[in-house]
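Take a look at the letters that make up each chain.
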Amino acid sequence: EPEVTQTPSHQVTQMGQEVILRCVPISNHLYFYWYRQILGQKVEFLVSFYNNEISEKSEIFDDQFSVERPDGSNFTLKIRSTKLEDSAMYFCASSFPRAGADNEQFFGPGTRLTVL
Amino acid sequence: EDQVTQSPEALRLQEGESSSLNCSYTVSGLRGLFWYRQDPGKGPEFLFTLYSAGEEKEKERLKATLTKKESFLHITAPKPEDSATYLCAADSNTGNQFYFGTGTSLTVIP
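Peer 1: Help me understand the overall build of chain A in this model?
Peer 2: When its secondary structure is counted, chain A shows 0 helices and 11 strands. The N-to-C order of helical and strand elements in chain A reads β-β-β-β-β-β-β-β-β-β-β. For a compact globule of 116 residues, the expected C-alpha radius of gyration is about 13 Å, and chain A comes in at 13 Å, within 12% of that figure. For the C-alpha atoms alone, the extent of chain A along its principal axes is close to 40 × 25 × 25 Å. Looking at chain A alone, contacts between residues at least 24 apart form 55% of all its contacts between residues at least 6 apart. Total accessible area on chain A stands at roughly 5700 Å², and carbon and sulfur atoms take up 48% of it.

Below, the structure is given as structure tokens:
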């Protein structure tokens, strides 16, 4: 069964450092998403990506964040200068058409980011 | 302000004891209402999408319903393997994003 994969499973970094979280979406999917979940809090939408550009983003997704699809398989989230409050679980998801109308998003297992 | 609220925060049921989880939403321009299951340390797993009031969907012991203000996830005769956190999310065409609730943590006791 196809699945979304994410690497690494756990990333520890120092405050101010750049991190890149990697995701391999399901191969025939066209829409890609990043979410984060701070421990004990709700899942928060960050950004959606389609046709090599951002289609939607939330207020959380400020200039510190960027996304890229550098090749035909990977989808990355870069945080330029990490802050303590960026510590969270980051989930990647993908869908064939845009999620909705029975078009489900498939989530990856997440990357736990810890900023020290 | 668009938001999604779930209740209760936690629910303990005996095996076989049916119940309902609530998801209230205030989202203008609802494109879809999603239910997910999340097991500890894992990503959300899609269950249902509903996108018009009156719609119902079923899957095994779960049935989701939707009104103009809320959605219910009905669990009939739950089993211990149904224990998980159940999340709902609303897709808004005005905010152009997905809003998740904080989830209901369900524990089914054998």
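Now, onward.
Peer 1: Which parts of the structure should I look at to understand the packing of aromatic side chains?
Peer 2: Each aromatic ring pair is summarised here by two numbers: the centre-to-centre distance and the angle between the ring planes. The full count for this structure, using the stated rule, is 18 aromatic pairs over all chains. Centroid distance Tyr35 of chain A to Phe107 of chain A: 5.2 Å. Interplanar angle 40 degrees. Geometry classified as tilted. Here the residue Tyr35 of chain A occupies a position in strand β4 (residues 31–37), and Phe107 of chain A occupies one in strand β10 (residues 106–107), the gap between them amounting to 72 residues. Given the relative accessible area of 0%, Tyr35 of chain A is considered buried. Judged by its relative accessible area of 11%, Phe107 of chain A is buried. Ring centres of Phe107 of chain A and Tyr36 of chain B lie 5.4 Å apart, and the angle between their planes is 85 degrees; on these two criteria the pair is classed as edge-to-face. Taken together, the residues Phe107 of chain A in strand β10 and Tyr36 of chain B in strand β4 (residues 30–38) connect one chain to another. Tyr36 of chain B carries the same exposure label as Phe107 of chain A, and that label is buried.

Peer 1: Would you mind going over the sheet that holds strand β8 (residues 75–79) of chain A with me for this structure?
Peer 2: As a general point, the strands of a sheet are linked pairwise by backbone hydrogen bonds and lie either parallel or antiparallel. All names here are of chain A. Within the open sheet, the 4 strands sit side by side as β1-β3-β8-β7. Their pairing is antiparallel. What marks the edges here is a single partner per strand, and that holds for β1 (5–7) and β7 (65–68). In this sheet, neighbouring strand axes are inclined to one another by 20 degrees on average, regardless of whether the strands run parallel or antiparallel. In the sheet, β7 pairs with β8 via 4 bridges, with the strands oriented antiparallel. Considered in β8, the bridge of Phe65 is made with Ile79.

Peer 1: Which parts of the structure should I look at to understand the interface of chain A and chain B?
Peer 2: Note: interface size is frequently given as the accessible area lost on complex formation between the parts. Between chain A and chain B, the contact holds 21 residues from the first and 21 residues from the second. Of the roughly 1700 Å² buried between chain A and chain B, counting both surfaces, carbon and sulfur atoms make up 55%. Linking chain A to chain B there are 1 salt bridge. Salt-bridge contacts for Arg31 of chain B lead to Glu56 of chain A; the nearest nitrogen and oxygen are separated by 3.1 Å. Where chain A meets chain B, there are 2 residue pairs in polar contact (both at pLDDT 80 or more). Among the residues forming the side of chain A that touches chain B, the class breakdown is 9 nonpolar, 5 polar and 7 charged.

Peer 1: Is there a simple way to explain the nonpolar core in this structure?
Peer 2: Soluble globular proteins: nonpolar side chains tend toward being buried together. Membership of the largest hydrophobic core comes to 24 residues, with the highest contact counts inside it found for Leu33, Trp35, Leu73 and Tyr86 of chain B. Of all the elements, strand β9 (residues 84–92) of chain B adds the most residues to this core, at 4 residues. Excluding residues within four positions of it along the chain, Tyr86 of chain B makes contact with Gln6, Leu21, Trp35, Tyr36, Arg37, Leu47, Leu62, Leu73, Gly103, Thr104 and Leu106 of chain B. Residues Val19, Ile26, Phe49 and Val115 of chain A belong to the second largest nonpolar core, which totals 22 residues.

Peer 1: How should I be thinking about the environment of Glu59 of chain A in this particular structure?
Peer 2: Relative to the elements of secondary structure, Glu59 of chain A occurs in the loop between β6 (53–57) and β7. Glu59 of chain A sits 39 residues away from Ile20 of chain A along the chain, and the two C-alpha atoms are 20 Å apart.

Peer 1: Any chance you could explain the sheet that holds strand β8 (residues 70–75) of chain B here in plain terms?
Peer 2: Residue and element names in this part refer to chain B. Reading across from one edge, β1-β3-β8-β7-β6 is the order of the 5 strands in this open sheet, with antiparallel pairing throughout. In this open sheet, the two edge strands, each paired with only one partner strand, are β1 (3–7) and β6 (56–59). The average angle at which neighbouring strand axes cross in this sheet is 15 degrees, direction not considered.

Calculation rules
Residues numbered from 1 in each chain as written. Chains lettered and ligands numbered in written order. Predicted model: local features only at pLDDT ≥ 70, side-chain atom pairs only at ≥ 80, totals over all residues. Heavy atoms only, no water. Helix = DSSP H or I, 4+ residues; strand = E, 2+ residues; numbered from the N terminus. Rg over C-alpha atoms; globule rule 2.2 N^0.38 Å. Contact = heavy atoms within 4.5 Å. Areas by Shrake-Rupley, 256 points an atom, 1.4 Å probe, with all protein chains shown as cover. Phe/Tyr/Trp six-rings, centres within 6.5 Å; stacked < 30°, edge-to-face > 60°. Buried < 20%, exposed > 50% of the residue type's maximum accessible area, 1.4 Å probe, protein only. Pairing = 2+ DSSP bridges. Axes fitted to C-alpha atoms, helices over the stretch in contact; angles between N-to-C directions. Buried area = accessible area lost by both parts, 1.4 Å probe. Salt bridge = Lys/Arg side-chain N within 4 Å of Asp/Glu carboxyl O. Polar contact = N/O pair within 3.5 Å; in protein donor to acceptor, adjacent residues only side chain to side chain. Nonpolar A, V, L, I, M, F, W, Y, C, P; charged D, E, K, R; others polar. Core = buried A, V, L, I, M, F, W, Y, C linked by side-chain atoms within 4.5 Å.

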